[in-house]
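Structural features, examined
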Amino acid sequence: MSKTVFNGFNSNEKILHHIDKVNNFLSAGKTLVVTEFDLTNRCNNNCPACVGVKENGAQLTWDEIQMIVKGLKNLGNRGVIVSGGGEPLLHPDFIRTLKLIKESGMEIGLNSNGLALNQEMADAIAEYCTYFRISLDAGSPEMYKQTHGMPADCYYRVLDNIMLMSETKKRTGSAVSFTVGFLTGADTVKDMEAFVKAAKEYGAGAAQFRPFTGDSTDISEEYK
Ligand SMILES: C[S@@+](CC[C@H](N)C(=O)[O-])C[C@H]1O[C@@H](n2cnc3c(N)ncnc32)[C@H](O)[C@@H]1O
């Protein structure tokens, strides 16, 4: 009898890894698989086209975090994507939140701009996360200014932090999938190649392209 193999990278097929949840849904049971969890609306970047929510600077307390994680676990949720909102690394309980989610039996994906990363955080990410994506969105300080609204020294600090994470992953033998992200669009397409070179040079495991919301610029030539 042949065994069907699902492609884990195809979002249309991902749910087929969780057939029990589909059956649960059909019988009106617990159906959560992955939940996005925004710890804080505070941010240390200034992306002009930001789709996050960061106007009010609101932030969860440690009590609220514990209550939500417990609730997610009770609902049978399997994975938590820690994102924003704002920038998750700015939350004072960031490290113990990762530990709590992992020890509650759920997997963790993390999206961050990478600017505030330090060794202690990198060690925790290596230990607890299944994936970690740094949103770089540039291959030059000029493009970083355009996409993140931040000066050149911040671009170079994020590159150094990509190397810090890459070295931490190697040193600890962590299985975390460590990638850097780039938002494609008519204004950013020219930096795609430089972005891939920088991602490789600084040790990211993979470079990910996805479009700015609503931007359907054809990137197939640059991608090749
Ligand atoms: C709003 S940020 C919050 C998490 C974290 N601060 C970060 O930079 O990854 C979440 C993701 O939204 C993406 N993003 C920002 N503006 C966007 C836009 N206009 N269209 C699509 N994605 C966008 C960022 O690249 C980032 O990966």
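I will try to describe carefully the structure that is included in this document. All residue numbers refer to position in the chain's written sequence, counted from 1. Residues qualify for local features only when their pLDDT is at least 70, as the model is predicted, and side-chain atom pairs are given and counted only at 80 or more; totals for whole chains, interfaces and linings, by contrast, use all residues.

**Examining the sheet that holds strand β1 (residues 34-38)**
Heads up, the condition is: Following DSSP output, two strands are said to pair if at least two bridges run between them. Secondary structure elements are taken from DSSP: a helix is a run of H or I of four residues or more, a strand is a run of E of two residues or more, and numbering for both begins at the N terminus. Angles here are taken between N-to-C directions and fall from 0 to 180 degrees, while the axes themselves are lines fitted to C-alpha atoms, restricted in helices to the stretch in contact.
Read from one edge to the other, the open sheet built from 6 strands follows the order β1-β2-β3-β4-β5-β6, with strand pairing classed as parallel. Strands with a single pairing partner mark the edges of an open sheet, and in this sheet they are β1 and β6 (206-211). Neighbour-to-neighbour, the strand axes of this sheet turn through a mean angle of 25°, independent of strand direction. In this sheet, strand β3 (residues 107-112) lies alongside strand β2 (residues 79-83) in parallel orientation, the contact comprising 4 bridges. Its bridge partner lying in β3, V82 is registered against L110.

**Re the site of the ligand**
The line we're drawing: Placing a C-beta atom from the backbone of each residue, we mark the residue near a molecule or strand if the atom is within 6 Å of it. Under the convention adopted here, Pro, Cys and the residues Ala, Val, Leu, Ile, Met, Phe, Trp and Tyr are nonpolar, Asp, Glu, Lys and Arg are charged, and Gly plus all remaining residues are polar.
The local shell around the ligand holds 18 residues, among which G52, G84, N113, S135 and T213 are the closest. Of all the elements in the fold, those that place two or more residues in the shell around the ligand are β3 and β5 (177-184). Per-class residue counts for the shell around the ligand are 7 nonpolar, 9 polar and 2 charged.

**Notes on the pairing of β2**
It is a general feature of regular strands that their side chains alternate between the two faces of the sheet. To keep it simple, the criterion reads: Residues with at least 20 neighbouring C-beta atoms inside 10 Å of their own are called buried, those with 12 or fewer are called exposed, and the rest are partly exposed, where every C-beta is derived from the backbone. A clockwise path from the first strand over the helix to the second, with the strands pointing away from the viewer, defines a right-handed crossover.
Here β2 shows a buried face lined by V80 and V82 and an unburied face lined by G79, I81 and S83. Bridge count between β1 and β2: 5 bridges; the pairing is parallel. Opposite D38, over in β2, you have S83 as the bridge partner. Chirality of the crossover, the property in question, places the unit of β1, helix α3 (residues 62-74) and β2 among those that are right-handed. The parallel pair β2 and β3 is bridged by helix α4 (residues 94-103), and the resulting crossover is right-handed.

**Some thoughts on the nonpolar core**
Using the following cut-off: The nonpolar core is taken to be a set of buried Ala, Val, Leu, Ile, Met, Phe, Trp, Tyr and Cys residues joined by way of C-beta atoms within 7 Å.
If you look at the biggest cluster of nonpolar residues, it comprises 43 residues, and the most contacted ones within it are I108, I125, C129 and I162. Tallying contributions element by element places helix α7 (residues 152-172) first for this core, with 6 residues.

Bear in mind that shape data such as this cannot, by itself, settle questions of function.
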